[in-house]
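Structure assessment
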Amino acid sequence: SQQGEEDPQALSIQEGENATMNCSYKTSINNLQWYRQNSGRGLVHLILIRSNEREKHSGRLRVTLDTSKKSSSLLITASRAADTASYFCATDAGGGSEKLVFGKGTKLTVNP
Amino acid sequence: NAGVTQTPKFQVLKTGQSMTLQCAQDMNHNSMYWYRQDPGMGLRLIYYSASEGTTDKGEVPNGYNVSRLNKREFSLRLESAAPSQTSVYFCASSKRRGAQAGELFFGEGSRLTVL
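A brief look at the structure comes next. Since the structure is predicted, the reported quantities are computational estimates derived from the model, not experimental observations.

What to know about the overall build of chain B
Scanning chain B from terminus to terminus reveals zero helices and 11 strands. Secondary structure elements of chain B occur, N-terminal to C-terminal, as β-β-β-β-β-β-β-β-β-β-β. In terms of overall dimensions, chain B is globule-like: its C-alpha atoms have a radius of gyration of 13 Å, near the 13 Å expected for 115 residues. Its C-alpha atoms put chain B at 40 × 25 × 25 Å along the principal axes. Within the span of chain B, comprising 115 residues, buried residues form 47% of the whole. Restricting to contacts in chain B with at least 6 residues of sequence separation, those with at least 24 account for 54%. Taken as a whole, chain B presents about 5,300 Å² of accessible surface, with 51% of it coming from carbon and sulfur.

What follows is the structure in structure tokens.
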């Protein structure tokens, strides 16, 4: 079964607004990663947060991790039409596993 | 620098036919992965390889075989294709971060239809 589960499944916002996506997972992890997928393309890595980190930033992206709640959030600030894509969280199974398991994704639409 | 290259990009098969999806990476990565992506299901791991000569099953390995003959290449074989294997297949590679999964680099996908 899939480890991560994103919420919401779909999100539609206006350009300039912030977009928040959430990810919940089931078992202990070493790290959690967020990926982006444009329609018809492969996935692109956005950010990795380790289990001992609580927050990480990269440009307009902010990721938080709460291991006690087994959840993470991805915030995209000042969204642009070009941010329209599907966003996935991926987790390992902890304990030295390199297998990355993906959630079903959040489809973000940013309207100009 | 090509990154991860998958071939073919598109393929149509009849039920029962066999085929091999090829994947090659030029980043000197140790780990390679095969995923399938279906509408509403996200990505599901089929097989994984930590290094040349080693492979491990993922979430949905039934109906597939893999081969990691060298560090660069990781192939996925469908011995007897079924309509349920209609999907988009992604190959990925990563540089190991100690014993943890690192950042994955994905190919552009191979779109397979089984009639």
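Things to note about the side chain of D92 of chain A
With respect to the helices and strands, D92 of chain A occurs in the loop between β9 (85-91) and β10 (101-102). A polar contact is formed between the side chain of D92 of chain A and the backbone nitrogen of N30 of chain A, at a distance of 2.9 Å.

Quick look at the nonpolar core
One broad trend across soluble globular proteins is that nonpolar side chains are buried collectively. If you look at the biggest cluster of nonpolar residues, it comprises 20 residues, and the most contacted ones within it are M21, L32, W34, L74, I76, Y87 and L108 of chain A. Not counting chain neighbours up to four residues away, the residues in contact with L74 of chain A comprise A19, T20, M21, W34, L46, L61, R62, V63 and Y87 of chain A.

Regarding the interface of chain A and chain B
Listed per partner, the contact involves 25 residues of chain A and 28 residues of chain B. Buried surface at the junction of chain A and chain B, both sides included, amounts to about 2,100 Å², of which 48% is carbon and sulfur. The largest share of the area that chain A buries against chain B comes from L43, E98 and K99 of chain A, three residues that together contribute 31% of it. At the surface where chain A touches chain B, the tally comes to two salt bridges. There are eight residue pairs in polar contact (both at pLDDT 80 or more) connecting chain A and chain B. A per-class count over the side of chain A that touches chain B returns seven nonpolar, 12 polar and six charged.

Let's talk about the packing of aromatic side chains
Under the criterion given, the structure shown has nine aromatic pairs over all chains. When the ring of F102 of chain A is compared with that of Y35 of chain B, the centres are 5.2 Å apart and the planes differ by 90°; the resulting orientation is edge-to-face. Here Y35 of chain B lies in strand β4 (residues 31-38) and F102 of chain A lies in strand β10, a pairing that spans two chains. Ring geometry for Y35 of chain B versus F106 of chain B: centroids 6.0 Å apart, planes at 40°, classification tilted. Of this pair, Y35 of chain B sits in strand β4 while F106 of chain B sits in strand β10 (residues 104-106), and the two are 71 residues apart along the sequence. Residues Y35 of chain B and F106 of chain B agree in their burial class; the two are buried. Of the aromatic side chains, those joined through ring pairs into one cluster are Y35 and F102 of chain A together with Y33, Y35, Y48, F90 and F106 of chain B.

Definitions and limits used
- Residues numbered from 1 in each chain as written.
- Chains lettered and ligands numbered in written order.
- Predicted model: local features only at pLDDT ≥ 70, side-chain atom pairs only at ≥ 80, totals over all residues.
- Heavy atoms only, no water.
- Helix = DSSP H or I, 4+ residues; strand = E, 2+ residues; numbered from the N terminus.
- Rg over C-alpha atoms; globule rule 2.2 N^0.38 Å.
- Buried < 20%, exposed > 50% of the residue type's maximum accessible area, 1.4 Å probe, protein only.
- Contact = heavy atoms within 4.5 Å.
- Areas by Shrake-Rupley, 256 points an atom, 1.4 Å probe, with all protein chains shown as cover.
- Polar contact = N/O pair within 3.5 Å; in protein donor to acceptor, adjacent residues only side chain to side chain.
- Core = buried A, V, L, I, M, F, W, Y, C linked by side-chain atoms within 4.5 Å.
- Buried area = accessible area lost by both parts, 1.4 Å probe.
- Salt bridge = Lys/Arg side-chain N within 4 Å of Asp/Glu carboxyl O.
- Nonpolar A, V, L, I, M, F, W, Y, C, P; charged D, E, K, R; others polar.
- Phe/Tyr/Trp six-rings, centres within 6.5 Å; stacked < 30°, edge-to-face > 60°.

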